[in-house]
Amino acid sequence: MAIAVPQSMVVHFIRCFSGYTALPGGPGGGVLERPPLIERSSPGRESEFDLRRKKKVSPPYRVMLHNDNYNRREYVVQVLMKVIPGMTLDNAVNIMQEAHYNGLAVVIICGQADAEDHCLQLRGNGLLSSIEPANGNC
């Protein structure tokens, strides 16, 4: 069941409730024109995009590899390459040798959550490891 509504009432309704402007048309109704865009950001406030872009980064942590008398050097290199993303053979060998000769080596510097994950994975493969804040002291 259709109800006949005068066009003037339809135009009034559209203007009041939708923000669209009705342009006169033929006998079937009018053409709706999109309202102008209103910028909603207030002066002094950052948009959601800017806030996401400036997301705080966790402070850096060092993942440390400790020398042990149990694991073979080749195994240590294999574990480093398996656990640390982007670890090359040359870097893994250098880290293993530094830990072997100096007792300790920096494996990677990254965010706290990643450092904890790498440390747990190294330990899970039988290596001695720890993390510490990388506060600028080399």
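Our structure is the block above this text.
Anyway, here's the lowdown on the structure attached to this text. (Residues numbered from 1 in each chain as written. Predicted model: local features only at pLDDT ≥ 70, side-chain atom pairs only at ≥ 80, totals over all residues. Heavy atoms only, no water.)

To continue, consider helix α3 (residues 73–83). Along α3, the residues classified as buried are V76, V77, V79, L80 and V83. Mapping the buried residues of α3 onto a view down its axis gives an arc of 165°, with all of them on the same face. Of the residues in α3, the exposed ones pointing more than 90 degrees away from the buried face are Q78 and K82. (Buried < 20%, exposed > 50% of the residue type's maximum accessible area, 1.4 Å probe, protein only. Helix = DSSP H or I, 4+ residues; strand = E, 2+ residues; numbered from the N terminus. Arc of directions from axis to C-beta.)

Counting residues in each nonpolar core, the largest one holds 20 residues, and the members touching the most others are L65, L80, M87, I95, V107 and L122. At the level of elements, β3 (60–66), α3, α4 (89–102), β4 (104–111) and α5 (112–124) are the ones that each hand at least two residues to this core. A total of five residues in this core trace back to one element, the largest contributor, which is α3. (Core = buried A, V, L, I, M, F, W, Y, C linked by side-chain atoms within 4.5 Å.)

Using the criterion set out here, one finds two salt bridges in the structure. Of the charged contacts, one joins R62 and E132 as a salt bridge, the two residues approaching to 3.1 Å between their closest N and O atoms. Separated by 70 residues along the polypeptide, R62 in strand β3 and E132 in strand β5 (residues 128–133) bring together distant segments of the chain. (Salt bridge = Lys/Arg side-chain N within 4 Å of Asp/Glu carboxyl O.)

Here D68 shows up in the loop between β3 and α3. Although D68 is buried, it forms no salt bridge, and the closest oppositely charged side chain is R73 at an N-O distance of 9.5 Å. At 3.2 Å, the side chain of D68 and the backbone nitrogen of Y70 are in polar contact. Polar side-chain contacts of D68 include one of 2.8 Å to the side chain of N71. The contacts of D68, once residues within four sequence positions are left out, are G126, L127 and L128. (Lys, Arg positive; Asp, Glu negative; His and termini not counted. Polar contact = N/O pair within 3.5 Å; in protein donor to acceptor, adjacent residues only side chain to side chain. Contact = heavy atoms within 4.5 Å.)

Across the interface, α3 lies against α5 with an axial gap of 10 Å and an inter-helix angle of 145°. In the crossing of α3 with α5, the sense of the turn from one axis to the other is right-handed. Judged by residue contacts, V79, L80 and V83 of α3 engage H118, Q121 and L122 from α5. Classifying every residue of the contact of α3 with α5 gives four nonpolar, two polar and no charged. (Axes fitted to C-alpha atoms, helices over the stretch in contact; angles between N-to-C directions. Left-handed = near helix turned anticlockwise from the far one by under 90°. Nonpolar A, V, L, I, M, F, W, Y, C, P; charged D, E, K, R; others polar.)

Let us look at the sheet that holds β3. With respect to topology, three strands assemble into an open sheet ordered β4-β3-β5, the strand pairing being antiparallel. Each edge of the open sheet is held by one strand with a lone partner, namely β4 and β5. Within the sheet, the average angular offset between the axes of one strand and its neighbour, ignoring direction, is 25°. Where α4 meets the sheet, it contacts β3 and β4, and its direction lies at approximately 130° from that of β4. (Pairing = 2+ DSSP bridges.)

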